[in-house]
Amino acid sequence: MLADFGFAILVITFVLAIYTIAAALYGHFAAQPKWVESARLAMLLSFPLLTLAALDLTYLLATGDFNVKFVYEVTSLDMPTYLKVTALWGGQSGSLLFWSWLMAAFTTAVTLRKWDRDREFLPWVILVSSVTMAFFLGLNVFFENPFARFWQTFEGVAAYTFKPENGIAFTPENGNGLNPLLRHPGMIIHPPMLYLGFVSFVIPYAFAIAALVTGRTDDRWIRITRRWTLVAWVFLSLGLVLGGRWAYDVLGWGGYWGWDPVEIAAFMPWLTGTAFLHSVMIQEKRGMLKHWNMILVILTYALVVFGTFLTRSGVLSSVHAFAKSAIGPAFFIFIGATFVISVALLIYRWDSLKAEGQMHSMFSREALFLLNNLLFMGILGICFWGVISPLVSELATGAKVTVGPPYYERAAGPLFAALVLLMGIAPLSAWGHVSLSNLANQNGMEMEKRYALGIARLLWKPAIPAVLTLIALLLLGIRNIYALIGLTFVALTTSITLYEFWRAARARSRAQKENFFLALWRLAGRNRRRYGGYVIHLGVILMAIGIIGIEMFQTETQQSLSVGESITLAGYTVQYDSLAQFQAEDGRWVTRAVMSVFRDGKFITELYPRYDVYADGQPMTIPGVRSTLADDLYVLLVNWEGVTSQIAPFKVYHNPLVNWLWLGSFIFIAGTLIAAWPDEEPEHAPARARKSRPAYQPGD
Amino acid sequence: MKKPLAVFLLVFLLFNLWVGVASAQATTPSDDEVNAIAKELFCPVCENTPLDVCPTEACKQWRELIRLKLSEGWSKEQIQDYFVEQYGARVLAEPPRQGWYWLIYLMPVALFGVGIFILYRAYQSMRQPLPLEADEAQPPASPSLSDADLRRVEEELNKRK
């Protein structure tokens with residue numbers, strides 16, 4: 001009964017989304033504001049409806065109604081309630097519903113904003129959001145019904161949406177249970193964060209399309225969506241970091257990022273989103289790069305849907321692709337259609353997106369931001385090609401190939417290093433405003449010289465700590481050229497960023513006669529976007545330290561040990577003390593080793609690497625980890641090599657500096673919150689240009 | 001006479017035993033030696049999983065196969081070639097640098113080159129004075145732009161910073 005109710009709600013919401021699209025279109029073309037308003041209200045209704053559907057499914061999951069196929073697939077009697085509830089996004093059909101629900105929450109939030117100054121955008125924002133929602137709801141209704149039930153017929157037991165002829169409801173005694181790898185806290189939070197990032201990127205895209213359709217191609221759409229973009233970006237970033245932490249804690253290979261296609265699928269919209277966040281500043285400040293910003297937002301949306309498709313369709317088999325189904329063609333048609341329509345609109349409005357400013361120097365802020373965009377696009381190109389080339393190879397040669405970490409690291413590594421360097425230098429550059437007298441009196445070369453000298457004048461002081469860092473690294477015996485370059489760039493960017501804070505706070509402190517720290521606080525408060533951005537940069541720098549540490553200096557060893565024997569690695573001695581096997585309350589069999597860790601002969605701590613075998617036979621390897629800011633000692637009980645009470649194989653990883661990666665991510669998130677913190681929107685924001693007006697404005 | 005013969009036989013036996021044990025020790029590669037090669041091979045069954053961390057029974061057997069080949073004196077390249085021959089190029093962490101596969105390596109370089117070209121062209125085009133700005137950029141001596149006007153424009157520009 002509840003399952004049927006849930007499906008009915010899904011169908012109603014799907015029909016409502018179709019109605020919303022039709023009403024918005026009719027309202028616009030017939031110049032009837034009441035229809036647009038009706039579409040807006042219909043869109044508002046989708047959130048409570050989908051909340052009801054999601055609650056319905058959650059109730060079925062929590063109560064273990066195994067008659068429902070999805071409940072059977074992702075839960076079992078021995079699972080704790082919180083896991084049963086979070087299993088909502090543990091399988092394909094549930095996660096699609098969850099996606100739609102989050103989408104409805106965001107569209108509701110955007111629909112409830114003040115539209116007084118942007119009435120012409122409203123029908124198109126509603127339309128784009130509703131098309132996206134209708135697509136995902138359609139997947140649930142037509143392909144992946146989370147409320148499908150088991151029925152016994154003459155042909156056997158199968159799941160159907162509607163009762164088949166002569167069917168008798170069939171309820172298995174227990175379910176399959178959630179994949180053990182998904183039972184980790186990181187994996188419980190990771191998908192919602194990614195989905196939040198994905199769905200919130202739909203909002204800037206919707207406004208961009210609205211701007212293209214209406215012809216209101218000034219920077220208004222960018223100003224409205226700036227915060228949405230930051231929110232999307234922070235969620236996507238959080239999702240990526242949590243995914244990395246989950247891999248580190250659960251997958252048992254001593255790393256956090258394996259360049260798996262599905263990881264890359266989530267990373268690609270982040271890359272375009274980050275490029276977009278930077279390049280919109282050029283449009284806002286200088287009225288330039290309008291075409292490029294449109295391209296970036298269209299690409300981000302396409303990559304969001306592409307990422308969801310890869311994650312959910314299992315088209316590229318990988319560790320993430322747990323769920324597989326036949327929704328691929330629908331996804332491809334949707335991605336293709338939205339992309340083609342978006343590009344067609346962009347071409348149609350190409351002339352109205354001409355730059356209003358002029359580039360004066362390759363050392364100006366806008367030129368360096370362009371370079372930043374090139375680097376992000378370069379990494380995107382590597383990622384995209386790396387993901388699709390095995391498929392292309394299969395099509396071209398019939399043989400599939402693996403494009404693994406060495407490929408990505410070699411190709412993208414130099415671009416990441418260049419980005420770190422640019423992150424330091426770009427804030428020292430000046431925006432390309434130029435006085436008329438300068439413009440008249442200086443030729444191109446003089447202008448380049450002027451901008452370059454401007455950077456050099458500010459650069460030399462922060463460069464001193466970077467040079468000292470390089471010398472210190474050499475004295476410490478580090479000879480890895482990539483590590484030396486990376487850490488020197490990190491030192492330079494850190495000192496420039498801190499110098500920027502110091503310079504501005506000191507100037508304010510002197511001018512306002514304020515205490516230095518008060519000046520720093522007020523400065524950041526007055527220009528949250530800029531200083532939040534710098535804090536984000538500091539977070540990225542710390543993350544870079546962690547990445548350089550683990551990528552360049554990780555060591556590992558594996559040995560089989562008898563009780564009392566030990567392994568020595570990177571100055572640590574790890575001694576095998578004992579092994580215990582027992583059954584946990586949730587039914588899994590746990591094999592746990594006790595290891596003593598010594599350094600310089602002194603006992604430091606005990607570690608408990610273990611492996612769990614779940615009722616369905618699925619194993620999970622949990623490392624014993626000793627974490628400090630200097631390094632991680634990461635010990636695995638290598639269950640796959642065969643453990644006996646006499647002898648057990650252990651793998652020990654020494655991961656230098658890896659915790660800076662996690663620490664940096666906290667600072668990164670804090671910086672994003674500072675940058676995204678709401679300001680009072682001015683009553684009359686400047687609209688740079690209104691070159692064309694739509695024929696109809698619902699607010700008029 | 002019998003005693004020296006017995007001693008000789010005993011010494012001979014012990015020597016052979018020692019040589020046997022020593023050679024067995026010398027030719028049994030360590031887990032680390034096996035993993036160093038397994039790390040660069042991908043599981044032919046479970047995609048995107050390096051062989052050194054793959055928990056399946058098949059991969060365990062493949063690691064033992066690497067150990068066996070190493071003990072027989074095979075080099076890393078020979079073992080990799082053997083796996084490619086048996087399971088195809090997909091077992092390598094990267095496509096082999098030959099034939100069609102070069103496209104996989106060259107495409108990002110080509111794309112980046114195109115990106116640099118586009119950036120250069122964009123930069124060049126954005127350096128061209130805009131029609132409006134070109135008019136404004138007339139020398140200050142122009143009778144149409146007084147000093148007061150110039151100051152106002154400067155102020156406006158400063159406001160936009």
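Keep in mind that what you see is a predicted model, and the values were worked out from it rather than measured. Numbering of residues begins from 1 in every chain and follows the order in which that chain's sequence is written. Note on labels: chains are lettered from A, ligands numbered from 1, in written order. Owing to the predicted nature of the model, reporting of local features is limited to residues with pLDDT of at least 70; listing and counting of side-chain atom pairs is limited to 80 or more, with chain, interface and lining totals taken over all residues. Side-chain measures were taken over the full set of non-hydrogen atoms in the model, leaving aside hydrogen atoms and water.

Quick word on the overall build of chain B
In step 1: Secondary structure assignment for chain B yields seven helices and zero strands.
In step 2: Pairs at least 24 apart in sequence give 43% of the contacts found in chain B among residues at least 6 apart.
In step 3: Split by element, the accessible area of chain B, about 10600 Å² in all, is 64% carbon and sulfur. Note on conventions: DSSP H or I runs of at least 4 residues are helices, E runs of at least 2 residues are strands, and numbering of each starts at the N terminus. Residues are treated as being in contact if the distance between any of their heavy atoms lies within 4.5 Å. Reported accessibility uses the Shrake-Rupley method at a 1.4 Å probe radius. Residues are deemed covered only where the shown protein chains occlude them.

Considerations on the packing of helix α2 (residues 31–38) of chain B against helix α3 (residues 57–71) of chain B
All names here are of chain B.
In step 1: To get an axis, a line is fitted to the C-alpha atoms, and for a helix only the part in contact is used. The angle between two axes follows their N-to-C directions and goes from 0 to 180 degrees. It is the contact of α2 with α3, at a shortest axis distance of 9 Å, that shows an interaxial angle of 110 degrees. Of the possible angle classes, the one that applies to α2 and α3 is roughly perpendicular. When the axes of α2 and α3 are compared, the crossing they make is right-handed. Across the interface between the two elements, Asp31, Glu33, Val34, Asn35, Ile37 and Ala38 from α2 touch Arg63, Ile66, Arg67 and Leu70 from α3.
In step 2: The residue classification treats Ala, Val, Leu, Ile, Met, Phe, Trp, Tyr, Cys and Pro as nonpolar and Asp, Glu, Lys and Arg as charged. All others, Gly included, are polar. Looking at the contact of α2 with α3, its residues break down into five nonpolar, one polar and four charged. The scheme is simple: roughly parallel for angles under 35 degrees, roughly antiparallel for over 145, roughly perpendicular for 65 to 115, oblique for anything else. Note on convention: the crossing is left-handed when the near helix lies turned anticlockwise from the far helix by less than a right angle, right-handed when the turn is clockwise.

Some remarks on the packing of aromatic side chains
Within a pair of aromatic rings, the relevant descriptors are the distance that separates the centres and the angle that separates the planes.
All names here are of chain A.
In step 1: The rule is short: rings of Phe, Tyr and Trp, with Trp giving its six-membered ring, pair when the centres are within 6.5 Å, and they are stacked under 30 degrees, edge-to-face over 60, tilted in between. Counted under the stated rule, the structure contains 52 aromatic pairs over all chains.
In step 2: A centroid spacing of 6.4 Å and a plane angle of 90 degrees characterise the contact between Tyr256 and Trp662, whose relative ring orientation is edge-to-face. Taken together, the residues Tyr256 in the loop between α8 (220–251) and α9 (261–286) and Trp662 in helix α19 (residues 659–676) connect sequence positions 406 residues apart.
In step 3: Summary of the burial criterion: residues with accessible area below 20% of their type's maximum are buried, those above 50% are exposed, and those between are partly exposed, where the area comes from a 1.4 Å probe applied to protein chains only. The class for Trp662 is buried, based on a relative accessible area of 8%.

A few points about the domain arrangement of chain A
In step 1: The domains assigned to chain A are domain 1 (1–178) and domain 2 (554–659).
In step 2: As annotated, the domain borders come from an automatic or database domain assignment. Each of domain 1 of chain A and domain 2 of chain A was reduced to a C-alpha centroid, and the two centroids are 44 Å apart.

Structural notes on the sheet that holds strand β3 (residues 168–169) of chain A
Residues and elements named next belong to chain A.
In step 1: Paired strands, in this sense, are two strands between which DSSP finds at least two bridges. With antiparallel pairing, three strands are arranged side by side in an open sheet as β2-β1-β3. The strands lining the two open edges of the sheet, one partner per strand, are β2 (156–160) and β3.
In step 2: Of the pairings in the sheet, the one linking strand β1 (residues 149–153) to β3 comprises two bridges and is antiparallel in character. Paired with Gln152 across the two strands is Ile168, which belongs to β3.

Some thoughts on the confidence of the model for chain B
Residue and element names in this part refer to chain B.
In step 1: Residues of chain B with pLDDT of at least 70 account for 66%, and the chain-wide mean is 77.
In step 2: Element-level mean pLDDT values for chain B span from 48 in helix α6 (residues 131–136) up to 93 in helix α4 (residues 76–87).
In step 3: In the predicted structure, residues 133–143 sits below a pLDDT of 50 and forms eight contacts with residues beyond four places in sequence or in another chain.
In step 4: In the model output, the complex is listed with pTM 0.86 alongside ipTM 0.81. A residue's pLDDT is the confidence the predictor assigns to it, expressed on a 0 to 100 scale.

A short note on a nonpolar patch on the surface
In step 1: Here, patches come from residues exposed beyond 30% relative accessible area and free of salt bridges, joined within 9 Å for like charges and within 5 Å for nonpolar side chains (Val, Leu, Ile, Met, Phe, Trp, Tyr). By convention in these notes, a salt bridge is any Lys or Arg side-chain nitrogen within 4 Å of a carboxyl oxygen on Asp or Glu. On the surface, A:Trp460, A:Ile464, A:Val467, A:Leu468, A:Ile471 and A:Leu475 cluster together into a nonpolar patch covering about 640 Å² of accessible area.
In step 2: The topology assignment puts A:Leu468 in helix α15 (residues 444–475).

Topic: the pattern of salt bridges
Residue and element names in this part refer to chain A.
In step 1: Summed over the entire model, instances satisfying the criterion amount to 28 salt bridges over all chains.
In step 2: Among the salt bridges present, the one from Asp118 reaches Arg113, with a minimum N-O distance of 3.3 Å. Comparing Asp118 with Arg113, the two get one shared label, buried.
In step 3: Between Arg610 and Asp612 there is a salt bridge whose closest N-O contact spans 2.9 Å.
In step 4: Arg610 sits in the partly exposed class, given a relative accessible area of 23%.
In step 5: By relative accessible area, Asp612 is classed as buried at 0%.
In step 6: Within this structure, Arg113, Asp118, Glu120, Arg216 and Arg220 form a network of salt bridges that share partners.

Things to note about the layout of surface pockets
In step 1: Each cavity reported here is a set of points on a 1 Å grid over the protein atoms alone in which a 1.4 Å probe fits but cannot get out, each pocket an open set with protein on both sides within 12 Å along at least five of seven lines, and each lining residue one with an atom within 4 Å of a point. Grid points are joined across faces, edges and corners, and a volume is the space filled by probe spheres set on the points. Estimates place the volume of the second largest pocket at around 1400 Å³.
In step 2: Together, 45 residues line the second largest pocket, and A:Trp292, A:Ile295, A:Leu299, A:Met377 and B:Ile118 are the ones closest to its centre.
In step 3: Elements represented by at least two residues in the lining of the second largest pocket include exactly α10 (290–313), α11 (328–348) and α12 (365–397) of chain A together with α5 (102–127) of chain B.
In step 4: With 12 residues, α12(A) is the largest single contributor of residues to the lining of the second largest pocket.
In step 5: Its residues assigned to classes, the lining of the second largest pocket comprises 35 nonpolar, eight polar and two charged.

Examining the sheet that holds strand β11 (residues 624–627) of chain A
Residues and elements named next belong to chain A.
In step 1: Read from one edge to the other, the open sheet built from four strands follows the order β4-β13-β12-β11, with strand pairing classed as antiparallel. In this open sheet, the two edge strands, each paired with only one partner strand, are β4 (555–562) and β11. Mean inter-strand twist for the sheet, computed between neighbouring axes without regard to direction, equals 15 degrees.
In step 2: Bridge analysis of β4 against strand β13 (residues 647–656) gives eight bridges, and the strand direction is antiparallel. Among the inter-strand pairings, Glu556 is bridged to a residue of β13, identified as Tyr653.
In step 3: Sheet contacts for helix α18 (residues 528–553): β4 and β13; angle to β13, the most-contacted strand, approximately 130 degrees.

Description of the pairing of strand β6 (residues 572–583) of chain A
All names here are of chain A.
In step 1: The pairing of strand β5 (residues 566–569) with β6 spans four bridges and is classified as antiparallel. Counterpart to Ile567 in the pairing with β6 is Val574.
In step 2: In this structure, the hairpin formed by β5 and β6 is closed by a connection of two residues, where Ala570 is found at a positive phi of approximately 50 degrees.
In step 3: Of the pairings in the sheet, the one linking β6 to strand β7 (residues 589–599) comprises 11 bridges and is antiparallel in character. By the bridge assignment for β7, Thr573 is matched with Phe598.

Description of the state of the cysteines
Residues and elements named next belong to chain B.
In step 1: Two cysteine sulfurs form a disulfide in these notes if their separation is within 2.5 Å. Within this structure, the stated rule accounts for zero disulfides over all chains.
In step 2: The structure places no disulfide on Cys54, whose sulfur is separated from the nearest cysteine sulfur, that of Cys59, by 3.0 Å.
In step 3: Its relative accessible area of 0% is what places Cys54 among the buried residues.

Details of the packing of α3(B) against α4(B)
Between two packed helices, the angle of one axis relative to the other and the distance separating the axes together describe the packing.
All names here are of chain B.
In step 1: Contact geometry of α3 with α4 gives a least axis separation of 11 Å together with a crossing angle of 135 degrees. In terms of orientation, α3 and α4 fall into the oblique class. The handedness of the crossing between α3 and α4 comes out as right-handed. Taken together, the residues of α4 that come into contact with α3 (itself represented by Trp62, Leu65, Ile66, Lys69 and Leu70) are Ile79, Tyr82, Phe83 and Tyr87.
In step 2: Of the residues belonging to the contact of α3 with α4, the class tally is eight nonpolar, no polar and one charged.

Some points on unusual backbone geometry
Residues and elements named next belong to chain A.
In step 1: For Ala31, which is not glycine, the phi dihedral falls at a positive 55 degrees.
In step 2: The class of Ala31 is partly exposed, set by a relative accessible area of 41%.
In step 3: Look at Trp259: it is not a glycine, yet its phi comes out positive at around 55 degrees.
In step 4: Relative to the assigned elements, Trp259 resides in the loop between α8 and α9.

Quick word on the nonpolar core
Residue and element names in this part refer to chain A.
In step 1: If you look at the biggest cluster of nonpolar residues, it comprises 187 residues, and the most contacted ones within it are Trp99, Phe121, Phe207, Trp221 and Trp270.
In step 2: If you tally residues by element for this core, the top one is helix α7 (residues 185–214), at 19 residues.
In step 3: What makes a nonpolar core is a set of buried Ala, Val, Leu, Ile, Met, Phe, Trp, Tyr and Cys residues whose side-chain atoms join them at distances within 4.5 Å. In terms of nonpolar packing, the next biggest core, distinct from the first, is built from 20 residues, Ala483, Leu484, Leu523 and Leu538 among them.

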